[in-house]
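Take a look at the letters that make up each chain.
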Amino acid sequence: MSVGFSQWFSNIVYMFNLQHWQLFFQVGGLVGLLHGLLFTLEISLLGLLFALILGVIFGVLATSQWKVMRAVARVYVEFFQNTPLMLQAIFIAFGLPIVWPAARHIPLFMVIVIAVSLYHGAYISEAVRAGIQSIHRGQLEASLSQGMTYVQAMRYVVIPQALRVVLPPLTNQAVNLIKNTSIGVAIGFAELMYQAKMYSDMAATGPSFLLAALMYFILCFPLARLAKRLEDKAEVNN
């Protein structure tokens, strides 16, 4: 037991020894990680924007009066929630061009944006659906009786009230989306995780992954705390 622990401890010390840190900075590892971090931020912002749009659209469809619209929303949610995100990204990057040659011109940056948007849009859709269903049906009926269309009633009456319920899970999805941009490593795009792996392959494993983890933490921790605060506030209001 002591021999195994001693070997494990020696490996950890070796991974983080001074030579590895020197090598990491000599090959421009910090600059590379910062470039990857910038790409991760850009992907996260765009992905969250498109995921919100998809989530609201399919969340509203999931509560629609029309059975066909509800079925479309259900198919979308079930497919993207029950297949791996990495598989979805690989299909968009390498499988889609086989059946649709024009797709080979989609930049890898946009492949990741599309993948995380579709994937997290499905989860946001469920949060939006739950938020809408938490609002008493009478408010929608009252709005319709005043001459509003279904879309207008949702936009001006139901969705603004549903935001209180929806905000905590939306914040959690933002955290998950940031972490899931790491699928770039599977398709060869130089976001943060890809850069960490690249410098790790240069024998700077410890510094590369430690600093990458710290950068993800700096991005995600404030959002995670915000989500917790919103959840606590929602419980107090209820």
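Everything numeric here is computed off the predicted structure, so don't read it as measured data.

## Looking at the packing of helix 5 (residues 85-99) against helix 6 (residues 108-133)
At step 1: Where helix 5 meets helix 6, the axes come as close as 9 Å, and the angle between the chain directions of the two elements is 140 degrees. Taken together, the axis directions place helix 5 and helix 6 in an arrangement best described as oblique. The way helix 5 lies across helix 6 gives a crossing that is right-handed. Note on element contacts: helix 6 touches helix 5 through Leu108, Val111, Ile114, Ala115, Val116, Leu118 and Tyr119, opposite Leu85, Gln88, Ala89, Ile92 and Ala93.
At step 2: Residue composition of the contact of helix 5 with helix 6, by class: 11 nonpolar, 1 polar and no charged.

## Quick notes on the confidence of the model for the chain
At step 1: On average, the chain scores 90 in pLDDT, and the residues at 70 or more come to 95%.
At step 2: Here helix 1 (residues 2-15) is the element of the chain with the lowest mean pLDDT, 70, and helix 4 (residues 67-81) is the one with the highest, 97.

## As for the nonpolar core
At step 1: Judged by nonpolar contacts, the single largest core of 30 residues is most densely connected at Ile43, Ile112, Val116 and Ile183.
At step 2: Elements represented by at least two residues in this core include exactly helix 3 (29-62), helix 5, helix 6 and helix 8 (150-180).
At step 3: A per-element tally of this core places helix 6 first, with 10 residues.
At step 4: When sequence neighbours within four positions are dropped, the list of residues in contact with Ile112 reads Ile43, Thr181, Ile183, Gly184, Ile187, Phe189 and Glu191.
At step 5: Core analysis: the second largest hydrophobic core is formed by 15 residues, Ile178, Ala204, Met215 and Cys220 among them.

## Quick look at the pattern of salt bridges
At step 1: Under the defined criterion, the tally for this structure stands at 5 salt bridges.
At step 2: Where Lys197 meets Asp201, a salt bridge forms, and the shortest distance between an N and an O atom there is 3.3 Å.
At step 3: Each of the salt bridges in this network shares a partner with another, and the network as a whole consists of Arg74, Glu78, Glu126 and Arg129.

## Structural notes on the side chain of His120
At step 1: With respect to the helices, strands and loops of the structure, His120 is situated in helix 6.
At step 2: What makes His120 buried here is its relative accessible area of 2%.
At step 3: Setting aside its immediate chain neighbours within four residues, His120 contacts Ala51, Gln173, Asn176, Leu177 and Asn180.

Conventions used here
Residues numbered from 1 in each chain as written. Predicted model: local features only at pLDDT ≥ 70, side-chain atom pairs only at ≥ 80, totals over all residues. Heavy atoms only, no water. Axes fitted to C-alpha atoms, helices over the stretch in contact; angles between N-to-C directions. Helix = DSSP H or I, 4+ residues; strand = E, 2+ residues; numbered from the N terminus. Parallel < 35°, antiparallel > 145°, perpendicular 65-115°, else oblique. Left-handed = near helix turned anticlockwise from the far one by under 90°. Contact = heavy atoms within 4.5 Å. Nonpolar A, V, L, I, M, F, W, Y, C, P; charged D, E, K, R; others polar. pLDDT = per-residue confidence, 0-100. Core = buried A, V, L, I, M, F, W, Y, C linked by side-chain atoms within 4.5 Å. Buried < 20%, exposed > 50% of the residue type's maximum accessible area, 1.4 Å probe, protein only. Salt bridge = Lys/Arg side-chain N within 4 Å of Asp/Glu carboxyl O.

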